[in-house]
Amino acid sequence: MTAAPVTRFAPSPTGYLHIGGARTALFNWLYARGRGGRFLLRIEDTDRARSTPEATEAILKGLTWLGLDWDGEPISQFARADRHAQVARQMLDAGTAYRCHSTPAEIEAWRAENPNRTFVSPWRDADPAGAPDAPFAIRLRAPREGETVIRDAVQGDVTFRNDQLDDMVLLRSDGTPTYMHAVVVDDHDMGVTHVIRGDDHLTNAARQVQVYQAMGWDIPVFAHIPLIHGTDGKKLSKRHGAVGLHDYAAMGYPAAAMRNYLARLGWSHGDDELFDDTQAREWFDLAGIGKAPARLDFKKLEHVSGHHIGAMPDDALLRELSRFRAEIGQPAFTETQIARLSPALPVLKQKAKTFPQLLEQARFALIGRPVERDDKAQAALDPVSLRILSELTAALQHVNWTRDELEAEAQRLAEANGIGLGKIAAPLRAALAGRTSTPSVFDMMLALGRDETLARLAGAAG
Ligand code: GLU
């Protein structure tokens with residue numbers, strides 16, 4: 001039996017959770033969770049100038065919103081600097097790394113004289129006995145001959161000529177580890193077996209593999225996934241608008257829909273477009289990740305979102321709607337609102353593609369009296385309509401409050417007045433919801449109950 005995989009998400013906390021990052025996290029989560037493995041979180045906070053605790057908070061919040069739980073505590077890369085230095089010194093002792101006394105100015109001068117050549121430190125082959133007692137960086141003694149091959153689960157074999165990779169710095173002369181070195185030490189120590197990340201890290205992988213080899217460590221499976229592109233096919237950037245996961249949360253897409261949609265962004269399982277978490281965990285594999293960049297497609301997202309809203313159990317939907325309201329800074333639902341909204345949810349969730357769409361249709365259940373009406377609703381309450389409404393009001397005093405009786409009553413009234421049912425529905429919508437586009441009048445009446453329905457009808461009559 002092969003050991004359960006360990007994956008990780010390793011964001012740099014310099015902003016919010018980008019949807020590209022969210023997708024990377026999701027792929028790692030699905031891969032681990034589908035195989036009884038572990039999904040770890042590492043905050044790559046070595047860049048002290050750019051890393052902020054607020055950004056870490058925002059990233060954790062984003063992952064939590066998306067429903068991606070990680071195992072154990074998030075690991076701070078910065079906190080592990082001593083360990084990174086220790087490994088670099090170990091490599092020095094083993095001869096797989098060396099002390100480099102070249103100053104940045106010297107390296108720059110060398111580069112100016114040797115354009116297009118890979119820098120090779122003069123200290124690489126210098127006699128250590130003759131080394132000055134001066135600050136030094138620790139550089140990897142990388143092979144100069146041959147090739148370094150990344151056996152990438154998405155990209156296939158990617159080959160780098162070793163004479164084009166310089167001896168990367170592991171530890172700077174001030175004793176701080178480089179990011180590239182830290183990543184390898186951390187992934188090794190965390191037992192990471194699969195590195196699934198954006199293909200902007202593919203060239204880093206070549207240098208990182210050299211560190212694994214120098215240490216004699218097992219190389220993880222690499223899977224470099226193509227970045228997400230915008231609707232215009234260009235690399236996703238702020239110019240495209242919504243690039244933060246929080247933007248999508250604020251637009252009212254359920255987390256379950258985002259998981260489904262993001263999973264399909266670059267990965268496929270036959271023609272399956274709509275699936276739940278259980279299926280995603282079961283199906284997700286590296287072989288299904290495409291080599292071409294996936295494009296954002298809001299139409300598709302809406303479709304996926306509508307499906308998930310419709311499939312959500314009512315109690316879960318109510319919780320999600322509450323969470324959404326809190327997210328966009330609206331007050332929590334009152335008990336009355338919940339009492340009126342709940343019976344209407346089975347109907348409301350069939351049509352809405354986003355939470356704002358659902359809440360717009362749910363307006364009748366959320367408003368109080370007097371009902372505020374828009375112009376169209378106002379126009380629907382013409383004198384003839386008001387007379388019919390008052391007849392209906394009288395008739396509704398005594399019927400049993402069931403769909404059958406309400407429908408029968410409306411039907412009777414329509415026939416008695418020689419009009420279609422629609423003629424009654426329009427003013428009823430206006431009276432009950434203050435709008436002309438609403439769920440069916442019977443659904444609204446049932447959800448509101450007799451007293452509230454009658455009170456709103458009376459309110460419309462003035
Ligand atoms: N911290 C890197 C980033 O945010 C990820 C590094 C990695 O996954 O190896 O792009």
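Once a new chain begins, its residue numbering starts again from 1 and follows that chain's sequence as written. For a predicted model such as this one, the threshold for reporting local features is a pLDDT of at least 70, and the threshold for listing and counting side-chain atom pairs is 80 or more; totals across whole chains, interfaces and linings nevertheless cover every residue. Side-chain calculation: all heavy atoms of the structure are included, whereas hydrogens and water are not.

**Considering the sheet that holds strand E4 (residues 97-100)**
And then number 1: Taken in spatial order, the three strands make up an open sheet running E4-E5-E8, and their pairing is antiparallel. What marks the edges here is a single partner per strand, and that holds for E4 and strand E8 (169-171). Averaged over all pairs of adjacent strands, the angle between strand axes in this sheet comes to 45°, irrespective of strand direction.
And then number 2: A strand pair is defined by DSSP finding two or more bridges across the two strands. Secondary structure is summarised from DSSP: a helix means a run of H or I of at least four residues, a strand means a run of E of at least two, and numbering begins at the N terminus for each. Across four bridges, the pairing between E4 and strand E5 (residues 137-140) is antiparallel. Looking at E5, one finds that Tyr 98 is bridged to Arg 139. Here the axes come from fitting lines to C-alpha atoms, over the contacting stretch only for helices, and the angles between their N-to-C directions go from 0 to 180 degrees.

**Some remarks on the pairing of strand E10 (residues 221-225)**
And then number 1: Note on classification: 1.4 Å probe, protein chains only; a residue is buried when its accessible area is under 20% of the maximum for its type, exposed when over 50%, partly exposed between these limits. Within E10, four of the five residues are buried, which leaves the element mostly enclosed by the surrounding structure.
And then number 2: Bridge count for strand E9 (residues 194-198) against E10 is five bridges, and the pairing is parallel. Residue pairing for E10: Val 195 is matched across the bridge by Phe 222.
And then number 3: In this fold, the crossover linking E9 to E10 by way of helix H6 (residues 202-215) has right-handed handedness. The path from the first strand over the helix to the second decides the hand: if it runs clockwise while the strands point away from the viewer, the crossover is right-handed.

**A few points about the side chain of Asp 443**
And then number 1: Considering the arrangement of structural elements, one finds Asp 443 in helix H19 (residues 441-461).
And then number 2: Taking relative accessible area as the criterion, Asp 443 reaches 13% and is therefore assigned buried.
And then number 3: What makes two residues a contact is simply this: any of their non-hydrogen atoms within 4.5 Å. In this view, Asp 443 contacts Val 347 and Arg 403; residues no more than four positions away in its chain are not counted.

**Points about the packing of aromatic side chains**
And then number 1: Pairing of aromatic rings covers Phe, Tyr and Trp, the last counted by its six-membered ring, and requires centre-to-centre distances within 6.5 Å; plane angles under 30 degrees mean stacked, over 60 mean edge-to-face, and any other angle means tilted. Here the structure, examined in full by the defined rule, presents eight aromatic pairs.
And then number 2: Arranged with centres 6.0 Å apart and planes meeting at 85°, the rings of Trp 267 and Phe 275 form a pair that is edge-to-face.
And then number 3: Residue classification places Trp 267 among the buried residues on the basis of a relative accessible area of 1%.
And then number 4: On the basis of relative accessibility, which here comes to 3%, the residue Phe 275 falls in the buried class.
And then number 5: Grouping aromatic residues by their ring pairs yields a cluster made of Phe 27, Trp 267, Phe 275, Trp 283 and Phe 284.
And then number 6: Only when the NZ atom of a Lys or the CZ atom of an Arg is both within 6 Å of the ring centre and within 35 degrees of the ring normal do we say a charge sits over the ring. Stacked on the ring of Phe 78, the Lys or Arg Arg 48 has its end atom at 3.7 Å from the ring centre.

**So, helix H16 (residues 383-396)**
And then number 1: To estimate how far a helix should extend, the number of its residues minus one is multiplied by 1.5 Å. With 14 residues, H16 should cover 20 Å at 1.5 Å per step; its first-to-last C-alpha distance of 20 Å lies within 8% of that length.
And then number 2: Inspection of H16 places Ser 385, Ile 388, Leu 389, Leu 392, Thr 393 and Leu 396 among the buried residues, and these make up the whole buried set. Projection of H16 onto a plane perpendicular to its axis shows the buried side chains occupying an angular sector of 150°, all on one side. Exposed residues pointing more than 90 degrees away from the buried face of H16 are listed as Pro 383 and Val 384.
And then number 3: Considering only its buried residues, H16 is in contact with helix H15 (375-380), helix H17 (403-416), helix H18 (421-433) and H19. In this description, one arc is meant: the one made by directions from the helix axis to the C-beta atoms.

**Some points on the pattern of salt bridges**
And then number 1: Salt bridges are identified by distance alone: a Lys or Arg side-chain nitrogen within 4 Å of an Asp or Glu carboxyl oxygen. With the rule as written, the count across this model stands at 31 salt bridges.
And then number 2: Among the ionic pairs, Asp 47 bridges to Arg 50, the shortest N-O distance being 3.9 Å.
And then number 3: Under the relative-accessibility criterion, Arg 50 is labelled exposed at 52%.
And then number 4: Linking Arg 207 and Asp 166 is a salt bridge whose minimum nitrogen-to-oxygen distance equals 2.8 Å. Taken together, the residues span a long stretch of sequence, with Arg 207 in helix H6 and Asp 166 in the loop between strand E7 (156-161) and E8 at a distance of 41 residues.
And then number 5: For Arg 207, a relative accessible area of 22% gives the class partly exposed.
And then number 6: Salt bridges sharing common partners tie together Arg 8, Arg 42, Glu 44, Arg 80, Arg 83, Asp 186, Asp 187 and Asp 189.

**Topic: the site of the ligand**
And then number 1: Working definition: residue near molecule or strand if any one of its non-hydrogen atoms lies within 4 Å of it. Close to the ligand lie Arg 8, Ala 10, Pro 11, Ser 12, Glu 44, Tyr 179, Val 183, Arg 197 and His 201.
And then number 2: Within the side chain of Arg 8, an N or O atom sits 2.6 Å from an oxygen atom of the ligand.
And then number 3: Between Arg 197 and the ligand, the recorded distance is 2.7 Å, taken from a side-chain N or O atom to an oxygen atom.
And then number 4: Accessibility throughout is a Shrake-Rupley quantity obtained with a 1.4 Å probe, and a residue counts as covered only by protein chains that appear here. In the complex, the protein chains occlude 79% of the 300 Å² of accessible area that the ligand would expose alone.
And then number 5: Following the grouping adopted for this structure description, the nonpolar residues are Ala, Val, Leu, Ile, Met, Phe, Trp, Tyr, Cys and Pro, the charged ones are Asp, Glu, Lys and Arg, and the polar ones are all others, Gly among them. Considered class by class, the residues forming the shell around the ligand number four nonpolar, two polar and three charged. For this analysis, a polar contact is any N or O atom pair within 3.5 Å, provided that within protein one partner can donate a hydrogen and the other can accept it, and provided that sequence-adjacent residues contribute only side-chain to side-chain pairs.

**Quick look at the packing of helix H3 (residues 81-94) against helix H5 (residues 179-189)**
And then number 1: Where H3 meets H5, the closest approach of the two axes is 10 Å, and the angle between their N-to-C directions is 100°. On the basis of the axis angle, H3 is roughly perpendicular to H5. Two secondary-structure elements touch here, H3 through Arg 83, His 84, Val 87, Ala 88 and Met 91 and H5 through His 181, Ala 182, Val 185, Asp 186 and Asp 189.
And then number 2: Split into classes, the residues belonging to the contact of H3 with H5 amount to five nonpolar, two polar and three charged. Angles below 35 degrees are treated as roughly parallel, those above 145 as roughly antiparallel, those between 65 and 115 as roughly perpendicular, and all remaining angles as oblique.

**Section: the environment of Ala 326**
And then number 1: One can find Ala 326 in helix H11 (residues 314-327).
And then number 2: The exposure class of Ala 326 is exposed, given its relative accessible area of 55%.
And then number 3: Along the primary structure Ala 326 and Pro 74 are separated by 252 residues, whereas in three dimensions their C-alpha atoms are 26 Å apart.

Honestly, that's just the spatial picture; any functional story needs more than this.
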